[in-house]
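# Understanding the architecture of this molecule
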Amino acid sequence: GGLTYLMHAVVSFAYFSEISSDRYRIARLAASYNIKQYASSVLFLVLVTGISYVWGLGDVATVRISQGIVVATVMMLMIPAWIRLFKPRAALRTVPENQWLISTGFRKLAKTGYEIVVNHRALKLICCSLLCSEAAGNSFAQVAITFTDQTLRMDTTETGILMLIIFLSSIPGSKFATYITNTFNPLWSYMSGLFMFGSTTVLASIFVKDEADKIKFFLLSLSWGFAFGWIFPAQRTLWVMIIPKQQETEMMGIYICCGQVLLWLPPMIFTILNESGVDIRYGLFSQSVFYYLAILFLLSVGSFENALKETHGDSITDGGEDDI
């Protein structure tokens, strides 16, 4: 299941990067995608919670119902998308004689990786930032749920409300991302979103101490959700604008890969600290380090305009006619 999803994500993002070379339109589309994604998550959460409450289901039955809804929804939406929406397109390259497609793909990825490390400093630094920010972002739910269970003693209903607040507040965050990205640039917008998320995590680790601080945690979840909605549209706009053209699928594979490589590290650090008897708030604080490391990498990139020129020269458009 996970492998299939990642394959779908790579191809979907590859199509997304070909829609336009106008960063203003890309920013709007990235935010629109994020808003639809989190609005759907809200509807799903409300539906599952409602079914569980009305039928008086236990945890196991609720999980089964929720997974059934997921499977049905995926089949209704993903299959028509693959059949009707993803139009055929000509291959950008041909497989050399006496070589297999898979082996050729791995060779090309190795060559591209070498090129990024040696010749594309800005792209290399952005990859490093993705390694850090995506590792912490993708493991946030695990860490947050453990923290709310051990420190705040939240029950299932309170945890559901917490997730609902995060999903809802991410919607205006995505809209705000469009404004900041288009007013300034994707690089600055992405860094600002990371700073907001990391700083909110620091504040939570300082001021949320026990069950009496539940209200504080709920209020901070508004900031987390807003930053969560801000980060991804800015991040995707930056990546789409900065990658070399005619390599969209390959570069989107690298983008997805960067989000998976260090996925194990933040939860491992949190678990080691927690199991060693260290105050769990230090474990929560440790997650913010990854966001600040990502910001340091991005600060090293320099200006967004110079990063564009490094990859594209003067060929990239910064607003104008759409490609498709």
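Heads up: these notes are all about the structure in this document. (Residues numbered from 1 in each chain as written. Predicted model: local features only at pLDDT ≥ 70, side-chain atom pairs only at ≥ 80, totals over all residues. Heavy atoms only, no water.)

### Description of the overall build of the protein
For the protein, the helix and strand inventory stands at 13 helices and zero strands. Moving toward the C terminus, one meets the helices and strands of the protein in the order α-α-α-α-α-α-α-α-α-α-α-α-α. Taking 20 Å as the expected radius of gyration for a compact globule of 324 residues, we find that the protein reaches 21 Å, a close match to that expectation. By its C-alpha atoms, the protein is 60 × 45 × 40 Å across when sized along the principal axes. Looking at the 324 residues of the protein, the share that counts as buried comes to 44%. (Helix = DSSP H or I, 4+ residues; strand = E, 2+ residues; numbered from the N terminus. Rg over C-alpha atoms; globule rule 2.2 N^0.38 Å. Buried < 20%, exposed > 50% of the residue type's maximum accessible area, 1.4 Å probe, protein only.)

### Considering the packing of aromatic side chains
Scanning the model with the defined rule gives 16 aromatic pairs in all. Arranged with centres 5.7 Å apart and planes meeting at 35 degrees, the rings of Trp239 and Tyr255 form a pair that is tilted. Here Trp239, found in helix H9 (residues 214-242), pairs with Tyr255, found in helix H10 (residues 248-258); they are 16 residues apart in sequence, far enough to count as distant. Across the pair, Tyr255 and Trp239 agree in class, each one buried. Of the aromatic side chains, those joined through ring pairs into one cluster are Tyr38, Phe140, Phe147, Phe167, Phe197, Phe217, Trp224, Phe228, Phe232 and Tyr291. (Phe/Tyr/Trp six-rings, centres within 6.5 Å; stacked < 30°, edge-to-face > 60°.)

### What to know about unusual backbone geometry
Positive phi is not limited to glycine here, since Arg153 has a value of about 55 degrees. Tracing the sequence through the fold places Arg153 in the loop between helix H6 (140-150) and helix H7 (156-183).

### Considerations on a nonpolar patch on the surface
Taken together, the side chains of Val71, Met75, Ile79, Trp82 and Ile83 present a nonpolar region at the surface, about 510 Å² in accessible area. Relative to the elements of secondary structure, Trp82 occurs in helix H3 (residues 59-85). Assessed through its relative accessible area of 38%, Trp82 is described here as partly exposed. (Patch = residues over 30% accessible without salt bridge, like charges linked within 9 Å, V, L, I, M, F, W, Y side chains within 5 Å. Areas by Shrake-Rupley, 256 points an atom, 1.4 Å probe, with all protein chains shown as cover. Salt bridge = Lys/Arg side-chain N within 4 Å of Asp/Glu carboxyl O.)

### Considerations on the packing of H7 against helix H8 (residues 186-207)
Where H7 meets H8, the closest approach of the two axes is 7 Å, and the angle between their N-to-C directions is 135 degrees. Overall, the two elements H7 and H8 adopt an arrangement that is oblique. Read as a crossing pair, H7 and H8 show a hand that is right-handed. Contacts between H7 and H8 involve Ala177, Ile180 and Thr181 from the former and Pro186, Trp188 and Ser189 from the latter. (Axes fitted to C-alpha atoms, helices over the stretch in contact; angles between N-to-C directions. Parallel < 35°, antiparallel > 145°, perpendicular 65-115°, else oblique. Left-handed = near helix turned anticlockwise from the far one by under 90°. Contact = heavy atoms within 4.5 Å.)

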